[in-house]
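# Overview (structure and organization)
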Amino acid sequence: AAICGGCTAAYTVADAHGVRAAPTVASFIVWDFVLMGPMIVAQFAVMTRGAVFADMRRQWGPGAIAGALSIGTYGLAPAAFARGPTAPLAALRETGMVTALLIGVFWLREPVTAHRVAAIGAILCGAAPNMEAMIVCRAIQGLGGGAIYALSFIVVGVLAIELGSQQARARR
């Protein structure tokens with residue numbers, strides 16, 4: 001979690017400083033994609049031992065649409081960074097994870113886990129515009145955290161029961 005938070009902070013600061021130093025927001029976005037695109041493809045080529053290229057050929061249509069949409073949605077954050085303070089905009093940027101969770105749950109039929117609820121609560125706490133919203137978001141975060149806490153006791157209990165029954169079987 002600390003590494004993830006550090007990476008998020010690093011790319012947020014890099015985006016904010018970069019877009020403010022660039023001649024225009026559009027030039028920053030274009031150069032960002034021109035420089036990052038080949039590096040990401042190379043990384044996936046190494047990780048998949050070249051299989052990514054066959055996947056790219058097979059899925060070029062949806063891939064092109066997703067790429068165009070990602071340029072548009074990514075471009076919103078640097079455009080905002082060019083016009084406003086970084087900290088509150090960074091918190092709002094990360095609320096996209098809430099949208100991702102909703103898409104996962106309602107469209108992809110993924111389960112809602114305690115970890116996801118706690119993470120979404122934490123993201124919403126960061127974007128809370130006032131104390132009332134912060135209290136509600138903290139309650140959501142607490143539900144997820146409480147479930148994780150209780151689950152840890154359940155796992156330990158189940159493991160202890162299983163270990164005890166194995167020892168009892170071994171004595172017979």
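Keep in mind the model is a prediction, meaning the values are calculated, not measured.

## What to know about unusual backbone geometry
The residue Arg49 is not glycine, and still its phi comes out positive at about 55°. Here Arg49 is to be found in the loop between helix 2 (25–47) and helix 3 (51–58). Looking at Arg49, the relative accessible area reads 81%, which means it is exposed. With phi around 60°, Arg109 is a residue other than glycine that occupies positive phi space. Position of Arg109 relative to the elements: it lies in the loop between helix 6 (96–106) and helix 7 (114–127). Classification of Arg109 as exposed rests on a relative accessible area of 66%.

## Observations concerning the nonpolar core
Counting residues in hydrophobic clusters, the biggest one holds nine residues: Ala16, Val19, Ala22, Phe28, Ile29, Tyr74, Ala77, Phe81 and Ala90. Counting residues per element, this core draws most heavily on helix 4 (residues 60–81), at three residues. Discounting chain neighbours no more than four positions away, the residues touching Ile29 are Ile71, Tyr74, Gly75 and Pro78. Ranked by size, the runner-up nonpolar core spans five residues in total, among them Val98, Val105, Ile120 and Ile123.

## With respect to the confidence of the model for the protein
Here the protein averages 81 in pLDDT, while 91% of its residues score no lower than 70. Within the protein, the element-level pLDDT minimum falls on helix 8 (residues 131–171), averaging 71, and the maximum on helix 3, averaging 89.

## Observations concerning the packing of helix 4 against helix 5 (residues 86–93)
At a minimum axis separation of 10 Å, helix 4 and helix 5 run at an interaxial angle of 165°. The orientation of helix 4 with respect to helix 5, classified from their angle, is roughly antiparallel. Handedness of the helix 4/helix 5 crossing: right-handed. Between helix 4, through Tyr74, Ala77, Ala80 and Phe81, and helix 5, the contact on the second element is made entirely by Thr86, Leu89, Ala90 and Arg93. A per-class count over the contact of helix 4 with helix 5 returns six nonpolar, one polar and one charged.

Rules used throughout
Residues numbered from 1 in each chain as written. Predicted model: local features only at pLDDT ≥ 70, side-chain atom pairs only at ≥ 80, totals over all residues. Heavy atoms only, no water. Helix = DSSP H or I, 4+ residues; strand = E, 2+ residues; numbered from the N terminus. Buried < 20%, exposed > 50% of the residue type's maximum accessible area, 1.4 Å probe, protein only. Core = buried A, V, L, I, M, F, W, Y, C linked by side-chain atoms within 4.5 Å. Contact = heavy atoms within 4.5 Å. pLDDT = per-residue confidence, 0-100. Axes fitted to C-alpha atoms, helices over the stretch in contact; angles between N-to-C directions. Parallel < 35°, antiparallel > 145°, perpendicular 65-115°, else oblique. Left-handed = near helix turned anticlockwise from the far one by under 90°. Nonpolar A, V, L, I, M, F, W, Y, C, P; charged D, E, K, R; others polar.

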